[in-house]
Amino acid sequence: MASEFPYVLNPFPEEVQTKLKAKFLGFRGGLVDVEGRHAMPAHYGRFAERYFNYKFQKDDVLVMTFPRSGTTWTQEIVWTMRNQVDVDTAAKVPLDVRVPFIEFDSLQPEHLPLAAPIEEAYRSRHPGEDPRDKGIFLDLVDALPSPRTIKTHLPFSLLRPDLLDSCKVVYVARNPKDVCVSYYHQQRLVKVAEFVGDFPEYVDFWTQDLLLQAPYWPHLAEGWARRHHPNVLFLFYEDMKEDILRELGRLNTFLGTALTESQLQTVARHTSFSGMKSRGATNPTAALQESGEFKKGEAAFIRKGTTGDWTNFFTPELEEKFGEWMEKWRPTSEEIPFRYQIKIPE
Ligand code: PPS
């Protein structure tokens with residue numbers, strides 16, 4: 001039996017919505033706050049209960065992250081590892097079809113066109129039905145053959161409480177300063193948000209936790225609290241940058257994929273930053289700019305892929321403001337041992 005969605009969706013106050021809508025042209029329908037754990041477009045309300053009750057399968061793997069923490073990289077790694085290192089299919093079939101973003105229907109504003117290939121696939125499966133009602137991404141997850149790998153930015157608490165009895169979760173975390181810079185660029189690029197301000201203005205929204213899918217720390221705290229669960233693998237983006245083969249080894253054990261050293265090296269090469277940036281299947285920036293889902297003239301979806309890029313964007317004033325925000329979120333902000341700079345071996 002389906003459980004009732006246990007949280008209240010509170011629209012942000014009118015003055016906050018006005019401020020948000022002036023700078024995020026994609027937020028026309030306004031945002032709702034899910035009791036301080038996640039901010040979503042208002043029409044998330046149509047889907048919230050279905051996500052909360054979604055029954056995953058025993059061999060499903062969820063890649064769960066706060067946005068811009070290494071999701072795409074990890075999706076490509078996990079899919080490739082779980083599909084016999086089939087790098088040819090991976091290069092041809094778009095990643096968002098192989099590893100669907102389960103809640104994307106609730107992020108996609110009503111004024112934007114649906115993702116064309118995914119909408120077509122939906123219409124061929126359900127002739128005559130309205131794809132906006134049912135959710136084309138939810139349906140894509142349903143239609144996916146096992147073993148399924150699924151992307152989500154929803155925190156644990158917005159999925160079923162017994163989730164970890166049903167499937168495995170790879171949780172990826174990245175230091176908040178690099179996430180902030182990366183999210184700034186992505187929110188300028190994606191029409192879902194279409195941020196039109198500069199970086200200091202973005203930090204202003206960030207430090208007030210007024211962003212899509214914010215706040216950051218409660219999401220991280222929920223992942224961190226489950227890091228020792230046998231069905232959770234907690235990864236840091238910085239560790240993946242530092243030594244990808246080491247982290248692929250951990251994934252190999254966790255996923256039970258039993259890949260050889262040489263196969264893991266192939267996965268590492270296939271999922272290198274330059275490789276993923278150059279392939280349309282993982283970096284669809286040009287195609288989505290043409291279709292109107294991304295804005296032209298902005299940085300690519302797979303952008304720079306480094307640790308420490310924040311040093312190129314944070315002035316001393318912004319650092320101070322960010323520091324106050326970190327203070328506000330103690331003790332979680334102190335507990336998770338993030339690295340803000342790493343040395344990458346030659
Ligand atoms: S999203 O939009 O939430 O799904 O973004 P997400 O994939 O979580 O994070 C995007 C950032 O990850 C970088 N990226 C990579 N880094 C290293 N190696 C590989 N292969 C890779 N693929 C993606 C991407 O460039 C974004 O970071 P920034 O700092 O913006 O470059």
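Below: a short report on this structure. (Residues numbered from 1 in each chain as written. Predicted model: local features only at pLDDT ≥ 70, side-chain atom pairs only at ≥ 80, totals over all residues. Heavy atoms only, no water.)

Section: the sheet that holds strand β2 (residues 31–34)
Strand pairing in a sheet takes place through backbone hydrogen bonds and is either antiparallel or parallel in direction.
So, point 1. What the 3 strands build is an open sheet, ordered β1-β2-β3; its pairing is antiparallel. Two strands close off the open sheet at either side, each with one partner strand: β1 (9–11) and β3 (39–41). Strand-to-strand twist in this sheet, taken as the mean axis angle between neighbours without regard to direction, amounts to 40°.
So, point 2. Two strands pair when backbone bridges link them, and β2 and β3 are joined in this way by 3 bridges, in the antiparallel orientation. In the sheet register, Val 32 faces β3, and the bridge partner there is Met 40. (Pairing = 2+ DSSP bridges. Helix = DSSP H or I, 4+ residues; strand = E, 2+ residues; numbered from the N terminus. Axes fitted to C-alpha atoms, helices over the stretch in contact; angles between N-to-C directions.)

A short note on unusual backbone geometry
Glycine aside, a negative phi is what most residues show, and trans is what most peptide bonds show.
So, point 1. Here Ser 146 and Pro 147 are connected by a cis peptide whose omega angle stands at 5°.
So, point 2. With respect to the helices and strands, the residue Pro 147 is situated in the loop between α8 (136–143) and β5 (149–152).
So, point 3. Omega for the peptide link from Ala 214 to Pro 215 comes to 5°, which places this bond in the cis form.
So, point 4. Position of Pro 215 relative to the elements: it lies in the loop between α11 (199–207) and α12 (216–225).
So, point 5. Despite not being glycine, Arg 68 has its phi angle at roughly 65°, a positive value.
So, point 6. As for its position among the elements, Arg 68 is in the loop between β4 (61–65) and α3 (71–82).

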